[in-house]
Amino acid sequence: MEYIKKRIRDVYDFPSKGIVFKDLTTVFKDPRALHIIGWDLSQLYRDKGVTKVVGIESRGFIGGSILAFELGAGFVPVRKPGKLPADTLKMSYQKEYGTDTIEIHRDAITEDDVVVLHDDVLATGGTMAAAYELVKSMNPKKIYINFIIELSALNGRSNLPADAEVSSLITY
Ligand code: AMP
């Protein structure tokens, strides 16, 4: 894990003043780090019968895809409004200023699926909580929640459903 940690870039005051942005592009561009991330994420779910990994736009698409590939599962995108071409389900949620909406294709998940929801970073947890509700409304057998990085000072776990199994590779 030290190999990964060393390659995470802290970008100060991005996207706005006071934020320390955990940049994973410096991890993903390193072939060995990319391989380790895929392997370590997949070890968390090897025996769980996962059939779909749901990645959250846009940074969740990268880790989500490699996790799906490692598990032999399918990949499903959760996107911002108006991006998915076919019939969608939508979920709106409260942000610090105003609301945001996310969408998923209506036929993306079935009641037979075991799902891992993936995003790169857990901050306040608002986005993931909305994605969880969206996927839950499709009644899969089980939903796991997964991050590469968890920013524990922001206490995002408290915004995630109490019954959800949450795993992060790296906690700050
Ligand atoms: P959240 O506040 O948990 O809803 O986070 C919203 C989105 O912004 C998530 O996709 C996170 O990956 C991303 N994000 C929030 N804060 C950071 C940060 N400090 N570094 C990197 N990504 C972040």
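What counts, and where the lines are drawn
Residues numbered from 1 in each chain as written. Predicted model: local features only at pLDDT ≥ 70, side-chain atom pairs only at ≥ 80, totals over all residues. Heavy atoms only, no water. Pairing = 2+ DSSP bridges. Helix = DSSP H or I, 4+ residues; strand = E, 2+ residues; numbered from the N terminus. Axes fitted to C-alpha atoms, helices over the stretch in contact; angles between N-to-C directions. Contact = heavy atoms within 4.5 Å. Salt bridge = Lys/Arg side-chain N within 4 Å of Asp/Glu carboxyl O. Buried < 20%, exposed > 50% of the residue type's maximum accessible area, 1.4 Å probe, protein only.

## Some words on the sheet that holds strand β8 (residues 142–150)
Phase 1: One open sheet holds the five strands; their spatial order is β4-β3-β7-β8-β9, and the pairing between them is parallel. In this open sheet, the two strands that pair with only one neighbour each are β4 (74–78) and β9 (165–171). Neighbour-to-neighbour, the strand axes of this sheet turn through a mean angle of 25°, independent of strand direction.
Phase 2: Examined bridge by bridge, strand β3 (residues 52–56) and β4 share five bridges and lie parallel to one another. Paired with I56 across the strands is V78, a residue of β4.
Phase 3: Sitting on the sheet, helix α3 (residues 31–43) touches β7 (114–122), β8 and β9, and the angle it makes with β8 is about 145°.

## A short note on the pattern of salt bridges
Phase 1: Taken as a whole and judged by the stated rule, the model has 13 salt bridges.
Phase 2: Among the salt bridges present, the one from D30 reaches R7, with a minimum N-O distance of 2.9 Å. Of the two residues, D30 sits in the loop between α2 (25–28) and α3 while R7 sits in the loop between α1 (2–5) and β1 (9–12), which places them 23 residues apart along the sequence.
Phase 3: Its relative accessible area of 25% is what places R7 among the partly exposed residues.
Phase 4: Two residues, E70 and R46, come together in a salt bridge whose shortest N-O distance is 3.4 Å. Taken together, the residues span a long stretch of sequence, with E70 in helix α4 (residues 60–71) and R46 in the loop between α3 and β3 at a distance of 24 residues.
Phase 5: With relative accessibility at 24%, the residue E70 sits in the partly exposed group.
Phase 6: What makes R46 partly exposed here is its relative accessible area of 37%.

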